[in-house]
Amino acid sequence: MTDVRKTWKGTRDRRLLLIFSTWWSVLRLCQCQCPVGSTSFEKVAGSSLRSARLMPLYKGTQGEAAITKECLNRCRALSDCNSMLLSYTAQNCMKSTTTSEGRRSDVVTSSPPSSTSYFEKICLTAPRCSRLWTFERVIGYEISGFDDRTIPGVSTRLQCEELCLRERGFVCRSGEYDYAFQQCRLSSEDRRSQPSSFRPAFGDVDYFENQCVTGNTFINASSWRVARNPNGDGAQSFLCHAYSYRPSTSSCKLSSDDTYNLGSNAVRRRMGTEYYQRANCLDLKLTCTDTTMQLILKTREPFDGRIYAQSKPYACQAFGDKQTVTKFVMDVKGQCGVELERDDHLTNTVVIQYHPLIQQKGDRVIKLYCSLFEETNRTISKTFQVSQGLEPAVTAVVNATAPTPNIRLRITDANGTDITGTRIGESLYFRIEIDEDSVFGIFARDMTAKNGRGDQMIQLIDTEGCASDPRIFPPFDKIPGSKSLQSRFQAFKFSEDPVVRFQVNVHFCLEECNPVVCPGGTQSWGKRRKREDSGDNEIPIVPDYPLVAAIVVEGSSFGNNTGPSDRYIDEREMEDSDELVCTTKTVVVVSSLGALFLQIGLLAACGTCLLLTRKDQRPKYSEDAASTITETLPPFGSVHHSRLR
């Protein structure tokens, strides 16, 4: 009996142990896989998590269409997969147990940005859609001036995202979370509907975009493609922002990414392929008569930009007067470049520019058609995308009684590389650097941007050091752990001129400078700290020092395809050149005259040779001829050509 009891007790203990182990495993799994709510993902396009320990998750085959879907489904099913790095070039994905919480600075841009995407697992209690991922996140960015609802006291970014999903007062397309103030800001706009207002944020702010919304119409650019593989096997799995179509093979590749979140570098030319991406519809109305073409633009915000004919930018233009309805009338027989096409259509190309002087991401090129025999008029739109340039950053030295501080002005990309040219809308850094062992601190003010000709100018930073329009150029901030300053902005350009010349005045103060409080409560390092024993009339320690630099912002465009795609004319598209040589009219004239005189000398020498060869072949004549030629021709290599850089 004792043995039976012991056996029964041992069996019971083993059963209890098995039940407890099973319960503990299920509990651990539930803790990792959302015991309340549902598992989804947050995507950071074109990025990776620095110092994350990665382990293989899935290896796809070349050209596999559903690589993103397969990787996310596998990560969703694993309790030790808290984040995932997807490589589109290698066609594989790697899992990690770490996330970006508390280490936002470790999320870095990959090179090229279209090669990878970082996904982070999140647990949502709010209702969500069937997308593979629910939010896209951009670290350190915001949409300025389009907050529909502001909620204070929100403790986490995830709670802010759930508030966006639960919003019923308007369609919540995007939001921002301010970590320092625990503030959640929701908006019915996003970076595609308001590209000119999407800019680097001041402070610890992250932008997120709701993927459970629909997009707008597609625009087309023939012979272009997205330089990455598609994300999934259908538009129901993700929000499709672009696709490429190859008529020769009848293949269609869908993508969740476009030039708005990856930049124009992600699109590469491929002959025989047509690239389409979603664009926000313009509220346009075109009316035509036999003497005029009238374009009416309706906007939600007051329009104070410029509309002009692309071929006659200064002879035919109209400026907005801060109204929501703007009219642009073109005389068919006037100076607006209206052309008669195929004897039955009037056509013209106009530019809608949202700033009166500079071109920014989101500006449109519109090609207009008016039928002379039909009542319906057609409107075809295009958007600016790419640009390139030259001219290096400038280094200057400021003289003072203390050890001389070296001041360096640099314009860099997100990776810290000095750039000489870029594309409209690309994220850049304007950096003013000073030696860390210097006794001086610096601040900046009176900053302007001019076009290449110098006849157009806008103010970026005023005399107090505050940003004139933070949407174009945000205020300066200190680079952490240094005395240097930087401002992160999006590339822009002036109309009809790709060159943008920056000039900023740098001021000095002993040890360090205090920031100035600008309108709206923002801070900028544009005002020196006043010494206690001096008043407002403090004599500057060293004179103000101006720094200048220039970049070129220029390129081709994409457009809608609501009409014939072979009719697009983009005068801004140009081939890349290996070398660009700058010169002046005087240098050209002098060089031309020099070349002319050189040719005359060569002809004279040749004539002399012919005359001498016909004479008697006496030795002294040969020597005299040789001497004459030597004196007539300049020494080899004596003509030097120089290039102005």
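Everything below is about the structure shown above.
Residues numbered from 1 in each chain as written. Predicted model: local features only at pLDDT ≥ 70, side-chain atom pairs only at ≥ 80, totals over all residues. Heavy atoms only, no water.

Enquirer: I would appreciate a short explanation of the sheet that holds strand S41 (residues 545-553) in the present structure.
Expert: Think of a sheet as strands paired side by side through backbone hydrogen bonds, with each pair either parallel or antiparallel. Spatially, five strands are ordered S31-S41-S38-S33-S34 in an open sheet, and the strand pairing comes out mixed. With one partner strand each, in any of the chains shown, strand S31 (421-422) and strand S34 (457-461) form the two edges of the open sheet. The sheet contact formed by strand S33 (residues 440-451) and S34 spans four bridges and is antiparallel. Opposite Met-447, over in S34, you have Ile-461 as the bridge partner. (Pairing = 2+ DSSP bridges. Helix = DSSP H or I, 4+ residues; strand = E, 2+ residues; numbered from the N terminus.)

Enquirer: I'm lost on the state of the cysteines in this one. Help?
Expert: If you walk through the whole model with that rule in mind, you get 10 disulfides. Two residues share a disulfide in this structure: Cys-34 and Cys-123, whose sulfurs sit 2.2 Å from each other. Remark: Cys-123 occurs in strand S7 (residues 116-124) and Cys-34 occurs in the loop between helix H1 (2-32) and strand S1 (38-45); sequence separation between them is 89 residues. Judged by its relative accessible area of 12%, Cys-34 falls in the buried class. One disulfide bridge connects Cys-75 with Cys-81, the sulfur atoms lying 2.0 Å from each other. (Disulfide = S-S within 2.5 Å. Buried < 20%, exposed > 50% of the residue type's maximum accessible area, 1.4 Å probe, protein only.)

Enquirer: Help me out: how do you make sense of the sheet that holds strand S20 (residues 292-303) in this one?
Expert: Pairing in this open sheet of three strands is antiparallel, and the strands run S19-S20-S23 from one edge to the other. Each having just a single partner strand, strand S19 (283-288) and strand S23 (323-331) make up the two edges of the open sheet. The average angle at which neighbouring strand axes cross in this sheet is 20°, direction not considered. Relative to S23, S20 runs antiparallel, the two sharing eight bridges. For Leu-295, the partnering residue across the bridge sits in S23 and is Phe-328. (Axes fitted to C-alpha atoms, helices over the stretch in contact; angles between N-to-C directions.)

Enquirer: Which parts of the structure should I look at to understand the nonpolar core?
Expert: Ranked by size, the top nonpolar core spans 36 residues in total, and within it Phe-430, Ile-432, Met-447, Leu-460, Phe-476, Phe-492 and Phe-502 carry the most contacts. Looking at this core, the elements that each hand over two or more residues are strand S30 (406-412), strand S32 (427-434), S33, S34, strand S36 (485-490), strand S38 (499-510) and S41. Beyond its immediate stretch of four places on either side in the chain, Met-447 contacts Phe-430, Gln-459, Leu-460, Ile-461, Phe-473, Phe-476, Phe-502, Gln-503 and Val-504. Counting 21 residues, the second-largest nonpolar core is a separate cluster that includes Phe-303, Ala-318, Val-332 and Val-350. (Core = buried A, V, L, I, M, F, W, Y, C linked by side-chain atoms within 4.5 Å. Contact = heavy atoms within 4.5 Å.)

Enquirer: Please explain empty space enclosed by the protein as it appears in this structure.
Expert: Where empty space is left can be seen by rolling a probe of water-molecule size over the atoms. Under the defined criterion, the tally for this structure stands at three cavities of 30 Å³ or more. A volume near 50 Å³ is recorded for the largest cavity. Around the largest cavity, the lining residues are Pro-195, Ser-196, Gln-360, Lys-361, Gly-425, Arg-471, Ile-472, Gln-490, Ala-491 and Phe-492. Considering only residue class, the lining of the largest cavity consists of four nonpolar, four polar and two charged. (1 Å grid on protein atoms, 1.4 Å probe; cavity = no way out; pocket = protein on both sides within 12 Å on 5 of 7 lines; lining within 4 Å. Points joined across faces, edges and corners; volume = space filled by probe spheres on them. Nonpolar A, V, L, I, M, F, W, Y, C, P; charged D, E, K, R; others polar.)

Enquirer: How should helix H3 (residues 157-166) be read in this particular structure?
Expert: Since the α-helix packs 3.6 residues into each turn, any two residues three or four apart lie on the same face. When we look at burial in H3, the residues that qualify are Arg-157, Cys-160, Glu-161, Glu-162, Cys-164 and Leu-165. Contacts from the buried residues of H3 go to S1, S7, strand S8 (135-139), strand S11 (174-178), strand S12 (183-187) and strand S14 (205-210).

Enquirer: When you look at a nonpolar patch on the surface in this model, what are you seeing that I'm missing?
Expert: Taken together, the side chains of Leu-593, Leu-596, Phe-597 and Ile-600 define a hydrophobic patch exposed on the protein surface, amounting to about 410 Å² of accessible area. Mapping Ile-600 onto the fold places it in helix H5 (residues 585-613). The class of Ile-600 is partly exposed, set by a relative accessible area of 48%. (Patch = residues over 30% accessible without salt bridge, like charges linked within 9 Å, V, L, I, M, F, W, Y side chains within 5 Å. Areas by Shrake-Rupley, 256 points an atom, 1.4 Å probe, with all protein chains shown as cover. Salt bridge = Lys/Arg side-chain N within 4 Å of Asp/Glu carboxyl O.)

Enquirer: What exactly am I supposed to notice about the packing of aromatic side chains here?
Expert: Aromatic rings considered in pairs are described by the distance between their centres and by the relative angle of their planes. Scanning the entire structure with this criterion turns up 17 aromatic pairs. A ring pair is formed by Phe-119 and Trp-133, whose centres lie 5.5 Å apart and whose planes are at 65°; its orientation type is edge-to-face. One end of the pair, Phe-119, is in strand S7; the other, Trp-133, is in the loop between S7 and S8, with 14 residues separating them in the sequence. You'll find Phe-119 and Trp-133 in the same group, each marked buried. The aromatic ring of Tyr-308 is capped on one face by Arg-306, whose charged end is 3.9 Å from the ring centroid. (Phe/Tyr/Trp six-rings, centres within 6.5 Å; stacked < 30°, edge-to-face > 60°. Lys NZ or Arg CZ within 6 Å of the ring centre and 35° of its normal.)

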